[in-house]
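# Per-entry structural report
The primary structure of each chain is shown beneath.
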Amino acid sequence: MKFDGPLPVTRWQRTIVNSPSVEQADLIPHLFRTEFSKITAVLCKHFGLHQIEVAEDIAGDTFAAALETWPHRGIPANPSAWLYTVAKNKTKNLLQRDQLFTNKIAPQLQPGPERPDPDIDWSEANIQDSQLRMLFAICDPVIPQEAQIALALRILCGFGIDEIANALLANKDTINKRLYRAREKLRREKKDLSFPENEDLEQRLATVLTTLYLLFSEGYYSESREAILREDLCLEAMRLTYLLLAFDSPHRPSVMALLALMCFHSSRFPARKQANGAMVLYEDQDRSLWNQELISRGVHYLREASGGHQLSKYHIEANIAYWHTRPEESPEKWENILQLYNRLLQIAYSPIAALNRTFALAKARGYDLAIREAEKLQLEQNHFYFVLLGELYRELEPLKAKEALQRALDLAGTDADRELISRKIDQLG
Amino acid sequence: MDEFMLIFRHEDGSKQASPEQMQQWMKQTMDWIGSIAAQNKFVGSNGLPFDDARVVWPDNVVTNGPFGDIKETIGGYIMVRAESVEEAVEFAKGSPVLQGPGNSVEVRKIAKQDGTH
C-alpha cells in the first residue's frame, strides 16, 4: 500500500466505474475526491480564500460535467488535465457572467474590459503549494478543533457531507453548521492563502500536526461501521502529512515521527477487522496479516525523525507503535513500551495513555503491581478503566474481573464497545 | 489542587554506585515518575548533576561542588500536583531515593503566583 497507490474506491465512484457504458474500468480510484481538493485549493490560492465557496462550486460543477460526458464518450486519456481545463472554462464563464463577482474580483486580476482566459497554474508544484497553504489556513486557531477536522475532510480530502457525518458520528446538520461557521470565519479573517510568518508559522505547524493526528485518530478509532471509510480517513491524513514533508522547518522531525506513527498503525488494518466488519483486538490478530511494507516505511521515517534534538509526543507514540509491530511477546518489548509510556505521560497526559501504561506495567512488572497502580488512576468514569481491571483480574480473580467488566458494560457508550465487553465477559465463563 | 516540590536529599553525593545499581535506580525512578504522571499529577522534574557544581560563599569565595563542606546534597527534584501535603507525602514515600541510607525527600509546597492562597 502506498500513499498514492491504488486505494479502495468510494461508493459513488464505484457506480461510475461499474456503469456499463464505461468500457475501461481503470478510472483512477478517488480521482474526483483528490481532484476536488486540488481544484479548490488552486482556485482559492488564485482568487483568495474569501471565494472558497465559489471554488468548491466550480469543482463540483466540473465533476458534474465529467459525469455527463465520460460515460458516453469514454474517459479522457488524461482525466486530470480534462478536469482542469473544464474548471478553468467554468471559472472564465463565471467571471464573465456574474456581474457582481466580476466587479468584486476581476479588477484585482485583470484590469480593463477585455478579460482573457484566467491564467490558472495547474502545475504539480503549484497544486502542492496550494494544498499546503490551504492546510495551514484551515488549521487557524480561530477555528475550533472539531471544525478544523470537518473542514480538512471537506476541502482537503474532498469528503461529502454524508461521509464526514458518518466518519465523525455526527448528523449532517451539525456538520453543515460547523462547516458554514468555519467558512464564514475563514472568509472574514483572511483574504489570501499566504503562510503565517516566522514564529506564527512554527506555531501554526504545531496546530497542523495536531489536526492531522486527530484526523488520523478519527479514522483509526472511529466507531463508524464503515471500514473502508475509516481507512480512507487514515490514508488522507497520511497523504497530507506526507505533503508536509516538503516543508522545511524545525518541526520536520515531528512530521516524520507522526508519519511513522501512522505507518505503524495502518500496518494492522488488514488484521483489525473480521469479514463482518467487527473489530479484532490486538492480541487476537493474525500477525501474518500485518503489512510489512508499511512497517518498514514506518521504521524508515522513525529513523529520519531521530535526526534532531526534538522529542515530541509523536516520537514517543511512534516508538510505542513500533514496539507493537513486533510480533513476539518479549520482556524487552514490554519494558520498552512501559518506559515510553512513562515518558509520554510526563509530556502529554491522557487517560488512555495512563491506562495503556498500566497494562504495560502488568506485562513488564506483574499483574499485582499493576492492579495497585490502576487503583490510583481515578478514572472510574471511563469504561476502558474497567476493561483494564477486567483484564488485570482475569487470571488472578475471575469474579472481580467479571464485576469490573459488568461496570464497563454499564458505562460503555456505543454498541461496538458493548459488543467487545460482552465478548470478554463470555470468555470468562 | 496545590503544587508541591519533592526535593531529593542525598547524604553523600560523592558515593559511587555500580553501573548495574545505577541502571536499576534509573528504571525505578522512571516507573515512579510514570506512576505519578499516570495519575495526571506530574508537573515537572529535573536531576541536578554534580558536574559543574559550585558553591558561592561571601567575599567571592567559590568552591567546587557542594561536597565535603556540606553533609547533605540535593540530587534533583520533582514537582507534583496534590490535594494535600499528605498526598504529596504519599508520592514521596515511593521515591527510590529513599533506598539509599541516610537519604531523604523533602516535601515543600510551591507558593502560588497570585499570592492569595
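Predicted model only: the values in this text are computed from it and were never measured. (Residues numbered from 1 in each chain as written. Chains lettered and ligands numbered in written order. Predicted model: local features only at pLDDT ≥ 70, side-chain atom pairs only at ≥ 80, totals over all residues. Heavy atoms only, no water.)

What follows concerns the overall build of chain A. In terms of regular secondary structure, chain A is built from 21 helices and zero strands. Taken across its 429 residues, chain A has 53% of its residues classed as buried. When contacts within chain A are restricted to residue pairs at least 6 apart in sequence, those whose partners lie at least 24 apart make up 66%. Carbon and sulfur atoms make up 51% of the accessible area of chain A, which amounts to about 20,100 Å² in all. (Helix = DSSP H or I, 4+ residues; strand = E, 2+ residues; numbered from the N terminus. Buried < 20%, exposed > 50% of the residue type's maximum accessible area, 1.4 Å probe, protein only. Contact = heavy atoms within 4.5 Å. Areas by Shrake-Rupley, 256 points an atom, 1.4 Å probe, with all protein chains shown as cover.)

Here we take up the packing of aromatic side chains. Aromatic ring pairs: the centre-centre distance and the angle between the two ring planes describe each pair. All names here are of chain A. Scanning all chains against the criterion turns up 14 aromatic pairs over all chains. Ring geometry for Tyr 220 versus Phe 269: centroids 5.6 Å apart, planes at 55°, classification tilted. Here Tyr 220 is found in helix 10 (residues 198-221), whereas its partner Phe 269 is found in helix 13 (residues 269-272), with 49 residues between them in sequence. On the basis of relative accessible area, Tyr 220 is assigned to the buried category, the value being 4%. (Phe/Tyr/Trp six-rings, centres within 6.5 Å; stacked < 30°, edge-to-face > 60°.)

Before going further, it helps to examine the interface of chain B and chain A. At the interface, twelve residues of chain B touch 14 residues of chain A. With both sides pooled, the region where chain B packs onto chain A buries about 1,100 Å², and carbon together with sulfur makes up 50% of that total. On the chain B side of the interface with chain A, the three residues burying the most area are Asp 31, Ala 38 and Gln 39 of chain B, jointly 41% of the side's total. Applying the counting criterion to the chain B and chain A interface returns two salt bridges. Put simply, Lys 27 of chain B and Glu 335 of chain A hold a salt bridge, and the shortest N to O gap is 3.8 Å. (Buried area = accessible area lost by both parts, 1.4 Å probe. Salt bridge = Lys/Arg side-chain N within 4 Å of Asp/Glu carboxyl O.)

Moving on, we come to the packing of helix 17 (residues 351-365) of chain A against helix 1 (residues 19-38) of chain B. Closest axis-to-axis distance for the helix 17 of chain A/helix 1 of chain B pair is 10 Å, and the angle between their directions is 145°. Two packed elements cross with a definite hand, and for helix 17 of chain A against helix 1 of chain B that hand is left-handed. Where helix 17 of chain A abuts helix 1 of chain B, its residues Ala 354, Arg 357 and Arg 365 of chain A lie against Lys 27, Asp 31, Gly 34, Ser 35 and Ala 38 of chain B. Looking at the contact of helix 17 of chain A with helix 1 of chain B residue by residue, the class counts come to two nonpolar, two polar and four charged. (Axes fitted to C-alpha atoms, helices over the stretch in contact; angles between N-to-C directions. Left-handed = near helix turned anticlockwise from the far one by under 90°. Nonpolar A, V, L, I, M, F, W, Y, C, P; charged D, E, K, R; others polar.)

What follows deals with the nonpolar core. With 94 residues, the main nonpolar core has Ile 39, Met 134, Leu 153, Leu 212 and Leu 244 of chain A as its most contacted residues. It is helix 12 (residues 252-266) of chain A that provides the largest number of residues to this core, a total of ten residues. If sequence neighbours within four positions are ignored, Ile 39 of chain A has contacts with Ala 59, Phe 63, Leu 83, Tyr 84, Ala 87 and Trp 122 of chain A. Ala 370 of chain A together with Phe 4, Ile 36 and Val 97 of chain B belong to the second largest nonpolar core, which has 53 residues in total. (Core = buried A, V, L, I, M, F, W, Y, C linked by side-chain atoms within 4.5 Å.)

Take the pairing of strand 5 (residues 73-82) of chain B next. Residues and elements named next belong to chain B. Counting buried residues along strand 5, seven of its ten residues qualify, which places the element largely inside the surrounding structure. Here strand 1 (residues 2-10) pairs with strand 5 via nine bridges, running antiparallel. Directly across from Ile 7, in strand 5, lies its bridge partner Tyr 77. Pairing geometry for strand 2 (residues 42-47) and strand 5, over five bridges, is antiparallel. Following the sheet pairing, Gly 44 is matched in strand 5 by Met 79. (Pairing = 2+ DSSP bridges.)

All names here are of chain A. With 86% of its residues at a pLDDT of 70 or more, chain A shows a mean pLDDT of 83. By mean pLDDT, helix 1 (residues 11-18) is the weakest element of chain A at 34, and helix 18 (residues 367-374) is the strongest at 96. Here residues 1-25 is modelled with pLDDT under 50, and outside its nearest four sequence neighbours on either side it reaches 45 contacts, counting other chains as well. (pLDDT = per-residue confidence, 0-100.)

Evaluation of the coordinates by the stated rule reveals 30 salt bridges over all chains. One salt bridge connects Arg 365 of chain A with Asp 31 of chain B, and the closest N-O pair in it is separated by 2.6 Å. One end of the pair, Arg 365 of chain A, is in helix 17; the other, Asp 31 of chain B, is in helix 1, on a second chain. Using a relative accessible area of 27% as the deciding quantity, one classes Arg 365 of chain A as partly exposed. Between Lys 112 of chain B and Asp 2 of chain B there is a salt bridge whose closest N-O contact spans 3.3 Å. Separated by 110 residues along the polypeptide, Lys 112 of chain B in the segment after strand 6 (104-109) and Asp 2 of chain B in strand 1 bring together distant segments of the chain. Each member of the salt-bridge network shares a partner with another, and the members are Glu 335 and Arg 365 of chain A together with Lys 27 and Asp 31 of chain B.

This next bit is on the packing of helix 7 (residues 145-156) of chain A against helix 8 (residues 161-168) of chain A. Residue and element names in this part refer to chain A. Interhelical geometry of helix 7 versus helix 8 gives an angle of 140° and a closest axis separation of 10 Å. Relative to helix 8, the element helix 7 is oriented oblique. Read as a crossing pair, helix 7 and helix 8 show a hand that is right-handed. Together, Ile 149, Ala 150, Leu 153 and Arg 154 of helix 7 and Ile 161, Ile 164 and Leu 168 of helix 8 make up the contact between the two elements. By residue class, the composition of the contact of helix 7 with helix 8 is six nonpolar, no polar and one charged. (Parallel < 35°, antiparallel > 145°, perpendicular 65-115°, else oblique.)

The subject of this paragraph is the pairing of strand 4 (residues 61-64) of chain B. Residues and elements named next belong to chain B. Relative to strand 4, strand 3 (residues 54-57) runs antiparallel, the two sharing four bridges. Its bridge partner being in strand 4, Trp 57 is matched across the sheet by Val 61. What sits between strand 3 and strand 4 in their antiparallel hairpin is a turn of three residues, with Asp 59 showing a positive phi close to 60°.

The next subject is the environment of Leu 235 of chain A. Mapped onto the elements of the fold, Leu 235 of chain A is located in helix 11 (residues 227-244). For the pair Leu 235 of chain A and Leu 409 of chain A, spaced 174 residues apart in the sequence, the C-alpha separation amounts to 32 Å.

Moving on, we come to the state of the cysteines. All names here are of chain A. Overall, the coordinates contain zero disulfides over all chains when judged by the stated rule. Left unpaired, Cys 234 is separated from the closest cysteine sulfur, that of Cys 157, by 11 Å. Residue Cys 234 is classed as buried on the basis of its relative accessible area, which comes to 0%. Looking at the unpaired Cys 263, the closest cysteine sulfur is the one in Cys 234, lying at 12 Å. (Disulfide = S-S within 2.5 Å.)

What follows deals with helix 18 of chain A. Each α-helix turn comprises 3.6 residues. Residues three or four places apart therefore point the same way. Among all positions of helix 18 of chain A, only Ala 370, Ile 371, Glu 373 and Ala 374 of chain A are buried. Summarising the axial view, the buried residues of helix 18 of chain A lie within an arc of 165°, below the 170-degree limit, and thus occupy one face. The outward face of helix 18 of chain A, more than 90 degrees from its buried face, is lined by the exposed residues Asp 368 and Arg 372 of chain A. On its buried side, helix 18 of chain A packs onto helix 17 and helix 19 (383-393) of chain A together with helix 1 of chain B. (Arc of directions from axis to C-beta.)

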